[in-house]
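Here's the letter readout for the chains.
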Amino acid sequence: MLKLICSILLLPILLSAQTKISGSIFDSGNQPLPGANVFIKDTYDGVSSNQDGSFSFETEEKGEAVLVVSFVGYNNYEKSIYLDGTPINLEIILEDNTKELRTVVISAGAFEASDEKKGVILRPLDVLTTGSEADIYSTLETLPGTQQIGETEGLFVRGGAASEAVTIVDEMVVQKPFYTSVPDIPSRGRFSPMLFKGTIFSTGGYSAQYGQALSSALILRTTDLAEETTTALNFMALGLGAAHTHRWENSSVAVEGGYYNLAPYFNVVEQNSDWEKAPVGIESSFNYRVKTSETGIVKAFGSYSYGDLSLNMEDIDNPGNKTSFGIRSDNYYVNLNYREILGDDWTIFTGASFSYDLDKINISADKVKQDEQLAQTKVTVTKGITDNSFLTFGGEIHNSIYNDSFNNLSAGLNEVYTAGFVEADIFFTNDIAARVGLRGENSKLLNKLNLAPRISLAYRLGKYDQLNFAYGKFYQTPHKDYLYYSTDYDYENAEHYIVNYQLIGPQRTFRIELYYKDYSNLAKGSTQTYPVYNLPPVQFNNDGKGYAKGIDIFWRDQETIDYVDYWISYSYLDTKRDFSNYPQMAFPTFATPHTLSFVFKFWVPSITTYFATTYSFSTGRPYFNPNNPEFLGDRGKNYNNLSFNFSHITTIFNSFTVIFASIDNVLGFRNIYSYRYSWDGAIKRPVVPESLRSFFIGCFISIGEDNPYN
Amino acid sequence: MKNLLLLLLMFGFVYSITADDSKYEKAMKKTLELMDSAKDVQTYVDIANKFERIALAENDKWLPYYYSALNQTLASFSDPELSRKDSYLDKAVKLLEAADSLQPDESEIYTLLGMVAQARLQVDPMNRWAKYGAESNANFKKAKELDPSNPRPEYLMGLNLYYTPVQFGGGSKAAKPLLEKSLQKFEQFEKSDDLMPHWGQTEVERILNEIKDLEAKELEAEESEELSPEK
């Protein structure tokens with residue numbers, strides 16, 4: 001018994017014999033990892049690794065134990081060890097935690113702007129500070145793959161027409177992403193960049209979740225709950241606006257209203273057009289968000305805008321005569337959606353949207369009315385398979401109703417479009433991933449089905465660079481203007497082939513992309529003839545075709561010079577197509593071989609001011625000259641533009657204030673977009689910008705009601 | 001004899017409980033002391049790791065998680081390498097999530113979340129001010145609601161304002177009332193537990209002294225201007 005007592009009393013002494021544990025910690029690339037936490041599980045015993053990755057500590061624990069190494073961004077390492085006083089030495093390699101650290105990103109064809117994700121090319125603020133007048137689309141025109149078309153709005157991507165690009169807000173198609181415009185004067189995008197937390201601009205090879213766009217998809221994700229309660233006022237040379245946002249614990253509401261009137265501006269800055277009524281209008285929006293759970297959110301967005309303008313345009317066929325042209329437009333838009341994560345690996349999205357657009361156009365004595373409505377609903381389900389891989393499937397239904405009239409003549413269409421898609425994002429390793437998808441669509445008017453396979457591969461080469469490939473088939477229903485004549489059409493079709501190399505470092509980005517796009521079944525048809533060619537009117541059919549191929553290069557550097565961020569985009573494009581009213585294959589009027597953009601931004605902290613300048617260049621585009629026997633054989637002038645803008649941040653009456661101004665075409669280049677001919681070819685008129693330079697000035701004041709500093 | 005054995009075992013058992021508790025307190029106090037002299041990234045990470053080890057071994061105490069997160073945040077502030085700053089904060093947020101699950105609605109945890117947002121903002125102020133400025137405000141607001149006597153939300157807000165340019169609404173004049181309020185709360189604060197957060201008071205006093213010096217200098221400059229015959 002005494003022996004037992006002795007041994008019990010001795011036990012602590014025996015136990016206090018220490019075991020020394022030492023070794024080194026490396027990552028999978030054999031780089032030492034300093035600062036990792038090395039310890040015996042369920043004890044305080046442990047140490048942090050040194051600069052060279054080495055570690056050494058002693059423990060008084062005995063027997064079976066588990067050694068743990070933890071380090072942010074890496075998977076925990078655990079090893080069973082036996083502690084009996086014998087020194088232990090270990091070489092430990094930690095594996096990257098793929099969820100947190102860089103893995104390959106499926107990104108062929110796309111530019112992404114996000115605050116939440118790592119390894120994206122743009123930030124949402126770039127969208128706000130780069131383009132003129134905070135227009136999303138003018139920022140996108142500084143990226144490679146887009147054309148700089150001054151006389152009309154829209155995204156002209158890689159030889160594609162503007163109608164081949166779709167804008168998607170919270171998974172649903174926007175019928176009219178731009179304000180209604182007048183011939184030869186471009187309009188702006190309807191949505192403020194402030195509404196969105198994420199932007200994906202795909203110049204090709206986009207996901208099977210989206211369809212009905214032969215060239216490009218702009219995918220916008222709206223912000224979640226507003227961060228705080230604020231009231232904002234903005235004053236611009238063109239108008240004024242006010243917004244109020246209220247934030248509660250689990251919900252937020254924002255209402256916004258604005259009025260614009262360009263008359264004062266037109267009095268100061270001379271315009272080329274003879275305006276009878278300078279554009280006036282109102283814009284209003286409503287935004288409601290509610291968190292239904294830790295992971296669920298309901299979003300409702302509604303907007304109404306109204307615009308009115310009229311001007312006298314020269315009648316090129318009757319020199320000296322003017323034709324009056326007026327538009328009044330109303331636009332209603334509602335988008336309601338719900339997203340929730342169910343269990344560990346199911347995400348469900350359901351949404352519905354409705355838009356109604358009414359344009360009343362007066363051309364001299366003629367009255368044109370265009371009435372379009374689109375109702376749609378979409379469901380998308382995502383199921384996680386492993387840590388990174390997931391499966392997405394869903395479907396959507398659109399109902400579009402068109403009612404157009406010209407004086408007493410009227411025509412209408414009622415289209416029901418249904419689509420289903422399934423797509424798998426598979427991460428084979430951290431370095432190799434694939435997205436394989438299939439989309440099926442049906443149009444009631446065409447009464448035809450299509451199946452569009454899409455595939456995108458990504459292969460990571462190093463820490464920051466990767467190779468991407470994409471292939472996809474894209475279908476689009478011909479424009480309503482064709483369907484009014486006949487619904488005996490098939491889908492227009494494009495096939496994309498993309499190879500891309502990109503290096504996205506923390507502060508520098510380089511991206512080069514080669515592409516080939518093969519168009520077939522393009523819609524053709526026109527009732528007009530080309531007098532000089534002595535050809536019959538173009539038949540209404542699907543016999544159009546074409547191709548586009550080229551190289552897009554992008555370089556961005558935020559590192560070399562302090563407080564300076566610049567990017568350069570260059571696009572080379574070779575394209576020909578036979579479509580619409582073309583009598584033969586030709587280089588289209590909205591494309592040019594060389595396009596260059598240089599964006600330079602710098603921040604001067606001492607005066608809290610942000611300066612940005614953009615230089616754009618593009619070679620001349622083809623234009624139609626009835627006197628030239630070669631169809632679209634003429635080339636316009638090269639385009640040059642240097643624009644400049646600044647934002648000064650300050651406080652006025654204790655409120656956060658931004659004063660901004662921009663000047664377009666600072667150097668006064670006499671740009672000519674294109675030429676327009678009279679019907680007989682005798683009169684030629686240049687299509688030029690509305691004014692030599694354009695100006696924009698305004699200020700934005702945010703009155704934080706919840707400012708805790710007060 | 002059996003009774004003696006039982007007694008010994010029982011004694012051992014009781015002893016081990018009190019030993020464990022004092023072991024926790026001893027380890028916490030020792031590590032807290034290390035914080036006082038910590039200045040560089042490596043030391044902060046080392047201390048954060050020590051607290052994390054205690055947190056994981058104890059499993060039901062929020063303070064070691066909290067202190068580990070605090071030291072990760074301080075490491076982020078003191079690491080000159082921009083590309084690494086976010087990784088400490090990612091870790092800090094995880095630790096605070098663990099702390100929050102053990103001690104919900106804790107003012108100190110929200111205070112620290114506000115500080116993490118301030119640190120996030122510093123990584124890329126140009127792009128992040130909108131998001132993280134609001135996030136830190138919201139967390140400080142919540143922290144104040146949960147415990148109006150907590151001096152640290154005002155301290156951190158004041159500190160931030162003090163180093164913010166006047167054009168952004170910062171500067172010593174804007175910071176002073178907040179820091180004074182914080183100091184007042186620090187002085188009224190009664191230590192309930194040695195392990196509870198008590199950091200910040202000396203820093204508040206230091207900055208308030210700096211502001212006082214600054215004001216004195218300004219006053220002097222004004223007076224000499226008034227006295228100068230050219231004027």
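Computed from a predicted structure; not experimentally measured.

### So, the overall build of chain B
So, point 1. When helices and strands are counted, chain B shows nine helices and zero strands.
So, point 2. Each helix (α) and strand (β) of chain B, taken in turn from the N terminus, gives the series α-α-α-α-α-α-α-α-α.
So, point 3. Expressed as a percentage of the 231 residues in chain B, the buried residues total 39%.
So, point 4. Restricting to contacts in chain B with at least 6 residues of sequence separation, those with at least 24 account for 57%.

### Some remarks on the overall build of chain A
So, point 1. The helix and strand inventory of chain A stands at five helices and 38 strands.
So, point 2. Residues classed as buried in chain A amount to 36% of the 710 residues present.
So, point 3. By sequence separation, contacts in chain A at least 24 residues apart represent 59% of the contacts at least 6 residues apart.

### Structural notes on the sheet that holds strand β4 (residues 54-59) of chain A
All names here are of chain A.
So, point 1. With mixed pairing, the three strands of this open sheet are ordered in space as β4-β1-β7. Two strands in the sheet have a free side with no partner beyond their single neighbour: β4 and β7 (88-94). For this sheet the average axis-to-axis angle between neighbouring strands, irrespective of direction, equals 25 degrees.
So, point 2. Note that strand β1 (residues 19-27) and β4 share six bridges and pair antiparallel. Within the sheet, the bridge partner assigned to Thr 19 lies in β4 and is Thr 59.

### With respect to the packing of helix α2 (residues 41-58) of chain B against helix α3 (residues 62-78) of chain B
Residues and elements named next belong to chain B.
So, point 1. Running from N to C, α2 and α3 cross one another at 160 degrees; their axes reach a closest spacing of 8 Å. Viewed along their axes, α2 and α3 adopt a mutual orientation that is roughly antiparallel. As α2 runs across α3, the sense of the crossing is left-handed. Facing Val 41, Tyr 44, Val 45, Ile 47, Ala 48, Phe 51, Glu 52, Ile 54, Ala 55 and Glu 58 of α2, the residues of α3 in contact are Pro 64, Tyr 65, Tyr 67, Ser 68, Asn 71, Gln 72, Leu 74, Ala 75 and Ser 78.
So, point 2. Of the residues assigned to the contact of α2 with α3, the class counts are 13 nonpolar, four polar and two charged.

### Looking at the confidence of the model for chain A
Residue and element names in this part refer to chain A.
So, point 1. Mean pLDDT for chain A: 89, with 94% of residues reaching 70 or above.
So, point 2. Low pLDDT, under 50, characterises residues 9-15; the stretch is placed with two contacts to residues that sit more than four places away or in other chains.
So, point 3. Every residue in residues 706-710 is under pLDDT 50, and counting partners more than four places away or in other chains gives nine contacts.

### Some details on the pairing of strand β16 (residues 274-291) of chain A
Residues and elements named next belong to chain A.
So, point 1. One ladder, built from eleven bridges, connects strand β15 (residues 251-261) with β16; its direction is antiparallel. Its bridge partner lying in β16, Ser 252 is registered against Arg 289.
So, point 2. Relative to strand β17 (residues 297-314), β16 is paired through 15 bridges, and the arrangement is antiparallel. Looking across to β17, one finds that Glu 283 is bridged to Ser 305.
So, point 3. Joining the antiparallel neighbours β16 and β17 is a turn of five residues.

### Observations concerning the sheet that holds strand β2 (residues 37-40) of chain A
Residues and elements named next belong to chain A.
So, point 1. The sheet built from four strands is open, its strands ordered β3-β2-β5-β6 with antiparallel pairing. Sheet topology places β3 (46-48) and β6 (77-83) at the edges, where each strand pairs with a single neighbour. Within the sheet, the average angular offset between the axes of one strand and its neighbour, ignoring direction, is 15 degrees.
So, point 2. In this sheet, β6 lies alongside strand β5 (residues 63-70) in antiparallel orientation, the contact comprising seven bridges. Bridge pairing links Val 66 to Ser 80 in β6.

Calculation rules
- Residues numbered from 1 in each chain as written.
- Chains lettered and ligands numbered in written order.
- Predicted model: local features only at pLDDT ≥ 70, side-chain atom pairs only at ≥ 80, totals over all residues.
- Helix = DSSP H or I, 4+ residues; strand = E, 2+ residues; numbered from the N terminus.
- Buried ≥ 20, exposed ≤ 12 C-beta atoms within 10 Å, placed from the backbone.
- Contact = placed C-beta atoms within 7 Å.
- Pairing = 2+ DSSP bridges.
- Axes fitted to C-alpha atoms, helices over the stretch in contact; angles between N-to-C directions.
- Parallel < 35°, antiparallel > 145°, perpendicular 65-115°, else oblique.
- Left-handed = near helix turned anticlockwise from the far one by under 90°.
- Nonpolar A, V, L, I, M, F, W, Y, C, P; charged D, E, K, R; others polar.
- pLDDT = per-residue confidence, 0-100.

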